[in-house]
Amino acid sequence: MDLRIFTEPQQGATYDTLLTVAKAAEDLGFDAFFRSDHYLSMGGTDGLPGPTDAWITLAGLARETKRIRLGTLMTAGTFRLPGVLAIQVAQVDQMSGGRVELGLGAGWFEEEHKAYGIPFPKEKFARLEEQLAIITGLWATEPGKTFDFHGTHYDLTESPALPKPAQGKVPVLIGGHGATRTPRLAAKYADEFNIPFASVEDSERQFGRVRAAAEEAGRGADDLTYSNALVVCVGRDDQEVARRAAAIGREVDELKANGLAGSPAEVVDKIGRYAAIGSRRVYLQVLDLDDLDHLELISAQVQSQLS
């Protein structure tokens, strides 16, 4: 079971804070550092000092880290043209020496689009499908050849399909709760399927849909990695758990029901329940980015038991 650190910088974080967390995650042996792709805070927080851009952040981290993998849960398809995004991701992958992963979603938070003048199209899923076809098609085009795509939403003619990522193939993550179109899209394009903030039972049901869709598409169900994203709140005792829950404005009972919360033993046990239904990777949503002791505790008493 891989444990990855997943951050929500739109809630309020500078690049320096993210760098500190990413370096700590690397030093503590976590598999990856991921971040959301949002420009507006949620849940009533002021978001100070303001948003940071996901791919500019990852470019900086690419040069400041050595081992840890870097990526997004999820890049919003509404924020970037697919050809431009393919260039950005390939360049950051080169800058990292081949450690980048692309989580790509349709985009959903209309308020942030309004706040920053970003078009919010009514039909987003069909755009996402074309975006995935373009990005993966550009990367897969042999050097010296060109790439063409003529769709409903995007049109590319004689693209040189450059630059290429450092990796042979940048892993693509697709996720969500949709029962039909999401599994089909994952089966066609994804290396990893992620379900965010879901129970063991709902995860098992959705993994089953994706596995069936993969087989219908002619892939092996196990060709994909299956993963979860869950909020984390671990403490050495009840008082520490309560303190950490209060720091992120959440209730302990709610966190235990909907995330990974409690003592290290409780969290290891719950991760084991996800592992039993096929999850091989957990993105730990860390909401208090100043609490590095939290990461140290998870590394020493949770991750160590899952290695």
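What you see is a predicted model, and the numbers here were worked out from it, not measured in a lab.

Enquirer: I keep staring at the overall build of the protein and nothing clicks. Help me out?
Expert: What the protein contains, in helices and strands, is 11 helices and 12 strands. Seen through its C-alpha atoms, the protein measures out along the principal axes to roughly 60 × 45 × 35 Å. In the protein, which comprises 307 residues, the proportion classed as buried is 53%. For the protein, the share of sequence-separated contacts (at least 6 apart) that also reach a separation of at least 24 residues comes to 73%. For the protein, the computed accessible surface area is about 13,400 Å², with 50% contributed by carbon and sulfur atoms. Side chains of the protein give 32 positive and 44 negative charges; the mean places of these two sets differ by 4 Å.

Enquirer: Could you clarify how one ought to interpret the packing of aromatic side chains in this entry?
Expert: The description of two aromatic rings rests on the distance between their centres and on the angle between their planes. For the coordinates displayed, the defined rule picks out six aromatic pairs. Ring centres 6.4 Å apart and planes at 85 degrees place the aromatic pair Phe193 and Phe207 in the edge-to-face group. With Phe193 in strand E9 (residues 192-196) and Phe207 in helix H7 (residues 200-216), this residue pair connects regions lying 14 residues apart in the sequence. Like Phe193, the residue Phe207 is buried in the burial classification. An aromatic cluster is present here, built from Tyr39, Phe79 and Tyr116 joined pairwise through their rings.

Calculation notes
Residues numbered from 1 in each chain as written. Predicted model: local features only at pLDDT ≥ 70, side-chain atom pairs only at ≥ 80, totals over all residues. Heavy atoms only, no water. Helix = DSSP H or I, 4+ residues; strand = E, 2+ residues; numbered from the N terminus. Buried < 20%, exposed > 50% of the residue type's maximum accessible area, 1.4 Å probe, protein only. Contact = heavy atoms within 4.5 Å. Areas by Shrake-Rupley, 256 points an atom, 1.4 Å probe, with all protein chains shown as cover. Lys, Arg positive; Asp, Glu negative; His and termini not counted. Charge placed at Lys NZ, Arg CZ, Asp CG, Glu CD. Phe/Tyr/Trp six-rings, centres within 6.5 Å; stacked < 30°, edge-to-face > 60°.

Spatial relationships are all this shows, so hold off on functional conclusions.
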